Amino acid sequence: MWLAAAAPSLARRLLFLGPPPPPLLLLLSRSSRRHRRLHSLGLAAMPEKRPFERLPADVSPINYSLCLKPDLLDFTFEGKLEAAAQVRQATNQIVMNCADIDIITASYAPDGDEEIHATGFNYQNEDEKVTLSFPSTLQTGTGTLKIDFVGELNDKMKGFYRSKYTTPSGEVRYAAVTQFEATDARRAFPCWDEPAIKATFDISLVVPKDRVALSNMNVIDRKPYPDDENVVEVKFARTPVMSTYLVAFVVGEYDFVETRSKDGVCVRVYTPVGKAEQGKFALEVAAKTLPFYKEYFNVPYPLPKIDLIAIADFAAGAMENWGLVTYRETALLIDPKNSCSSSRQWVALVVGHELAHQWFGNLVTMEWWTHLWLNEGFASWIEYLCVDHCFPEYDIWTQFVSADYTRAQELDALDNSHPIEVSVGHPSEVDEIFDAISYSKGASVIRMLHDYIGDQDFKKGMNMYLTKYQQKNAATEDLWESLENASGKPIAAVMNTWTKQMGFPLIYVEAEQVEDDRLLRLSQRKFCASGPYVGEDCPQWMVPITISTSEDPNQAKLKILMDKTEMSVVLKNVKPEQWVKLNLGTVGFYRTQYSSAMLESLLPGIRDLSLPPVDRLGLQNDLFSLARAGIISTVEVLKVMEAFVNEPNYTVWSDLSCNLGILSTLLSHTDFYEEIQEFVKDVFSPIGERLGWDPKPGEGHLDALLRGLVLGKLGKAGHKATLEEARRRFKDHVEGKQILSADLRSPVYLTVLKHGDGTTLDIMLKLHKQADMQEEKNRIERVLGATLSPELIQKVLTFALSEEVRPQDTVSVIGGVAGGSKHGRKAAWKFVKDNWEELYNRYQGGFLISRLIKLSVEGFAVDKMAGEVKAFFESHPAPSAERTIQQCCENILLNAAWLKRDAESIHQFLLQRKASPPTA
């Protein structure tokens, strides 16, 4: 599954609860003052886990024969299940998962014997289980379990649910669609809804004859339904052995485009009616991707077809259902004229991610949700490999560092992070770990592992793993074993330090010239967002470290495995004037702190670009994080940022922009916010002038991304020339004289709104209403929060909950307000509190509730706000967001400490700069 990114993860081998999770709090900095403050707020410990047991193993399914008849007007469905089952241990009851379903009748017929009718259905709603009781003992052997049931096509974007769309003629209609991961197949039919309880599926759908009906497999029969001439029964071929969370069905109105991959697999992209053209880009990506994975894994795609379909109301970004992959419209549809470059890139990545799951997740599935990271971390890594293969011009691996690696480090430096592998029990805990640790840290450590092993041995190990466990379940250890056999390296020993304990190391390095050699002294400590680690028993990692020098910045001079707290290494033949850098390519999942002399020697490599782009990015990001943690001064980082004046690389600018955005948000709590905006203008205006507004001949994808980024940054900061040009172009766009190119729309919309009035907002809302494309609606929704007047902010917040905004997009509108200004932050938080019941009811246990909370409160920087947030959620519990709430409160306290520590010195630096501006 791809989480719709601000744009963006679990499993266990033991039955029931398994051993208790490691005592994480013992790893934390017990003596730090902030830790005591966290304790005083009650923020340092996660709440008790709810008791939970996995399903008993006495009865298990072999095949589900399932027929569903959805009613698209009354929003209900009828279902008939005939499951071939095996009784492994004599019992008089069958326990299954079941939620929001009413069972009408149930019976079990042992093969060759009489049917036994169930005499009771005991629903355990809290655990989402039902116990079917039988009057006599079911003996060991095989038989058929029959259940007739009814359910609701809900509006919660989970289970079997309804999705609202508008026909080309303007009529509102509903499709019936599914989203089962992690634990919602049980909302569509009673089942053994655990990833390790695999079976085959024969699915039939009874649907209006003018609707498209799709499922995991190809259609094998379509015949009139006896009772109603307007209805047909559509039968699908039997699936391979698979997990329930990967089953899918869709009933609605769609057009499609199709092709065959070079391996002969039928590939279709289903779009809203009249928009088939917008499916062509994803079709092209999918048709290139399937053979790429087949060759990479050396295992063929196991199904005869694959469908990719755009769903109007969809909580995640996409879901990898085997053979029928569902997407948000914005993650699949590309309009050649009206889609921006970043949307094309996003579609390519999401398609790459979901198709990787067809092997890694679907063919071989995690044994339990503790190993979810294996699914998501792996797919989040290999999607980049795939996109790099299809679109080398995207320079996608540099973007990985900014999009995934640094994002994961930011979260993983918190005391309230969690290990990659988390012991998961109750279903409510599963949604919590669809997060940046499972996805982005998971992907980052796999990237580090791939680099450590080498591509050939990695591919060999992957093939061994997929071949050994196909149509079965596996745990993290099983992958390590395959990779260890392929590479001969101590994979499990190394990787356990990265997946079983939370956090990552800070490597401190100092150097000494010894004749013609350079002696490096390295030491590792846990990196903490709150400053130097001061606890006892500091965790340790086995860290693959690469070292490069200015002699050849793109090549590792030395590779070592750091398996102790301190070590010394000698680099032979390094001249005194040459710089030395750790972590070539920013591949190792650690931060580096250089001695001042080593750092000093690296800085010219930023200005003259002799350091590779991804190393320039990593250096700046490490320094920024060290400043946030109070290990170095923020002013030192601002001085380094000035050295990026000649920077040409989009991703380096993107990361720099992101960090300056964090700093701007922090300083919005002071009375010198305008001064930091002046700094932003000074840093970004030279590149803005070089780029201009219009594409030049020979420019490509990355130039378009960079132009949008830089103009948006300058416009938001109030750069006079940018603001005037944005207003002129916006006027021409609205009047239809000169339509804005898709790549310029976000920066222009943002600029005119931030410095506009009620009329500007009304025009934007009108553009939103007129937009036929979801991408354009989302583009507008994300920038509405830039408006500054309290009255208009209220108008935007009201709009967020209106019918005009799709349920999954409300979160980004509210988040945009919270991130738009100091007043917006307060107003958004109040709005969330005032409308909590409606918002919580809408998103319930899903990860959108976590995202809403995070976006609403993470910008605060006053100690008492942490207490207020904690108190609100104590009286308004959100079980699936508990960890997010802890992390948000921790971040608020960290922001407050950062502000107290550095605000005055930042202010002085900005004033001195104003008095004597630096020369470029």
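Calculation notes
Residues numbered from 1 in each chain as written. Predicted model: local features only at pLDDT ≥ 70, side-chain atom pairs only at ≥ 80, totals over all residues. Heavy atoms only, no water. Helix = DSSP H or I, 4+ residues; strand = E, 2+ residues; numbered from the N terminus. Rg over C-alpha atoms; globule rule 2.2 N^0.38 Å. Buried < 20%, exposed > 50% of the residue type's maximum accessible area, 1.4 Å probe, protein only. Lys, Arg positive; Asp, Glu negative; His and termini not counted. Charge placed at Lys NZ, Arg CZ, Asp CG, Glu CD. Expected span 1.5 Å × (residues − 1). Phe/Tyr/Trp six-rings, centres within 6.5 Å; stacked < 30°, edge-to-face > 60°. Core = buried A, V, L, I, M, F, W, Y, C linked by side-chain atoms within 4.5 Å. Contact = heavy atoms within 4.5 Å. Pairing = 2+ DSSP bridges. Axes fitted to C-alpha atoms, helices over the stretch in contact; angles between N-to-C directions. UniProt positions renumbered as here; feature names shortened; annotations may be inferred. Salt bridge = Lys/Arg side-chain N within 4 Å of Asp/Glu carboxyl O. Polar contact = N/O pair within 3.5 Å; in protein donor to acceptor, adjacent residues only side chain to side chain. Right-handed = clockwise from strand over helix to strand, strands pointing away. Bend = angle between axes of the 7 residues up to and from the residue. Parallel < 35°, antiparallel > 145°, perpendicular 65-115°, else oblique. Left-handed = near helix turned anticlockwise from the far one by under 90°. Nonpolar A, V, L, I, M, F, W, Y, C, P; charged D, E, K, R; others polar.

A. Examining the overall build of the chain more closely. Along the backbone of the chain there are 29 helices and 29 strands. Radius of gyration (C-alpha) of the chain: 28 Å, near the 29 Å computed for a compact globule of 920 residues. In terms of overall dimensions, the chain has a C-alpha envelope of 90 × 65 × 55 Å along the principal axes. Out of the 920 residues belonging to the chain, those deemed buried represent 62%. Side-chain charges in the chain split into 100 positive and 121 negative, and the spacing between the mean points of these groups amounts to 3 Å.

B. Representation of helix α18 (residues 701–716) within the structure. Along its 16 residues, α18 runs 23 Å from first to last C-alpha, staying within 8% of the 22 Å computed at 1.5 Å per residue. Among the 16 residues of α18, 13 are classified as buried, and the element is accordingly described as predominantly covered. Gly718 sits one or two positions beyond α18 and adopts a positive phi of about 85°.

C. Examining unusual backbone geometry more closely. For the bond running from Glu181 to Ala182, omega is 10°, close enough to zero to count as cis. Looking at where Ala182 falls in the secondary structure, it is placed in the loop between β10 (172–179) and β11 (200–208). Phi at Gln471 takes a positive value of approximately 60°, unusual for a residue other than glycine. Looking at the element boundaries, Gln471 is found in the loop between α9 (455–469) and β22 (472–474). The backbone phi angle of Asn573 is positive, close to 55°, even though this residue is not glycine. In this structure, Asn573 sits in the loop between β27 (566–571) and β28 (580–582). Residue Asn573 is classed as exposed on the basis of its relative accessible area, which comes to 55%.

D. Summary view of the packing of aromatic side chains. The full count for this structure, using the stated rule, is 48 aromatic pairs. Note on Phe504 and Phe589: the rings are 5.3 Å apart at their centroids and 70° apart in plane angle, and the pair reads as edge-to-face. Note that Phe504 is positioned in the loop between α11 (491–499) and β23 (505–514) and Phe589 in the loop between β28 and β29 (591–594), a separation of 85 residues in sequence. Of the two residues, Phe504 and Phe589, both sit in the buried class. Centroid distance Trp829 to Phe873: 6.0 Å. Interplanar angle 45°. Geometry classified as tilted.

E. Quick look at the nonpolar core. With 307 residues, the main nonpolar core has Leu132, Phe189 and Phe249 as its most contacted residues. Apart from residues no more than four positions distant in its own chain, Leu132 is found in contact with Asn92, Gln93, Ile94, Met96, Ile103, Ala106, Ala118, Gly120, Phe121, Leu145 and Ile147.

F. View of the pairing of strand β6 (residues 120–124). One ladder, built from five bridges, connects β6 with strand β7 (residues 129–138); its direction is antiparallel. Following the sheet pairing, Gln124 is matched in β7 by Lys129. Remark: four residues form the turn of the hairpin made by β6 and β7, two consecutive strands paired antiparallel; Glu128 in that turn has positive phi of roughly 55°.

G. View of the sheet that holds strand β18 (residues 305–311). Within the open sheet, the five strands sit side by side as β16-β17-β18-β20-β19. Their pairing is mixed. On the outer flanks of this sheet lie β16 (255–260) and β19 (318–319), each paired with one strand and no other. One ladder, built from five bridges, connects β18 with strand β20 (residues 324–328); its direction is parallel. Note that in β20 the partner of Ile309 across the bridge is Thr326. Of the strands in this sheet, β18, β19 and β20 touch helix α4 (residues 341–357), which is tilted by about 150° from β20.

H. The arrangement of the UniProt feature "domain: Aminopeptidase N-like N-terminal" (unreviewed entry) in the chain in detail. As annotated by UniProt and renumbered to match this structure, "domain: Aminopeptidase N-like N-terminal" (unreviewed entry) occupies residues 61–246. This span, residues 61–246, is 0% helix and 61% strand, and a straight line between its end C-alpha atoms measures 16 Å.

I. Representation of the pattern of salt bridges in the model. Summed over all chains, the structure comprises 60 salt bridges. One salt bridge connects Lys720 with Glu724, and the closest N-O pair in it is separated by 3.1 Å. Separated by four residues within a single helix, Lys720 and Glu724 lie in helix α19 (residues 720–734), roughly one turn from each other. Among the residues examined, Lys720 registers a relative accessible area of 60% and is labelled exposed. Take Glu724: its relative accessible area is 45%, and that puts it in the partly exposed class.

J. The arrangement of the sheet that holds β27 in detail. If you walk across this open sheet you meet the four strands as β27-β24-β23-β29, and the pairing is mixed. With partners counted over all chains shown, the strands left at the sheet margins are β27 and β29, one partner each. The mean inter-strand angle of the sheet, taken between neighbouring strand axes irrespective of direction, is 25°. The sheet contact formed by strand β24 (residues 517–526) and β27 spans six bridges and is antiparallel. Paired with Arg521 across the two strands is Ser568, which belongs to β27.

K. Inspection of the environment of Glu181 at higher detail. Relative to the elements of secondary structure, Glu181 occurs in the loop between β10 and β11. Expressed as a C-alpha distance, the spacing of Glu181 and Met319, which sit 138 residues apart in the sequence, is 7.9 Å.

L. Spotlight on the environment of Asp193. In this structure, Asp193 sits in the loop between β10 and β11. Residues Asp193 and Ala182, spaced 11 residues apart in sequence, show a C-alpha to C-alpha distance of 9.0 Å. What Asp193 contacts, discounting residues up to four positions off in sequence, is Leu55, Asn97, Thr183, Asp184, Ala185, Arg186, Thr244 and Tyr245. Here the side chain of Asp193 touches Ala185 through a polar contact of 3.4 Å, landing on its backbone nitrogen. A polar contact is formed between the side chain of Asp193 and the side chain of Thr244, at a distance of 2.6 Å.

M. The pairing of strand β17 (residues 266–271), seen in detail. Most of β17 is tucked away, with five of its six residues classed as buried. Two successive antiparallel strands, β16 and β17, enclose a turn made up of five residues, where Gly264 displays a positive phi of approximately 90°. The pairing of β17 with β18 spans five bridges and is classified as parallel. Residue pairing across strands places Arg268 opposite Asp307, the latter belonging to β18. Read as a crossover between parallel neighbours, the route from β17 over helix α3 (residues 280–297) to β18 is left-handed.

N. Summary view of helix α6 (residues 396–412). Compared with the 24 Å implied by 1.5 Å per residue over 17 residues, the 23 Å span of α6 between its first and last C-alpha is a close match. Bending of α6 peaks at approximately 30° at the position of Tyr405. Buried residues dominate α6, accounting for 13 of its 17 residues.

O. Up close: the packing of helix α23 (residues 790–800) against helix α24 (residues 810–820). Packing of α23 against α24 leaves a shortest axis separation of 9 Å and a crossing angle of 165°. Viewed along their axes, α23 and α24 adopt a mutual orientation that is roughly antiparallel. Judged by the sense of rotation from one axis to the other, the crossing of α23 with α24 is left-handed. Of the residues in α24, those in contact with Ile793, Val796, Leu797 and Ala800 of α23 are Thr810, Val813, Ile814 and Val817.

P. Local environment of the packing of α24 against helix α25 (residues 822–834). Running from N to C, α24 and α25 point in directions that differ by 145°, and their axes come no closer than 6 Å. Relative to α25, α24 is oriented so that their crossing is left-handed. The segment α24 lies against α25, with Ile814, Val817 and Ala818 engaging Gly824, Arg825, Ala828, Phe831 and Val832. Classifying every residue of the contact of α24 with α25 gives six nonpolar, one polar and one charged.

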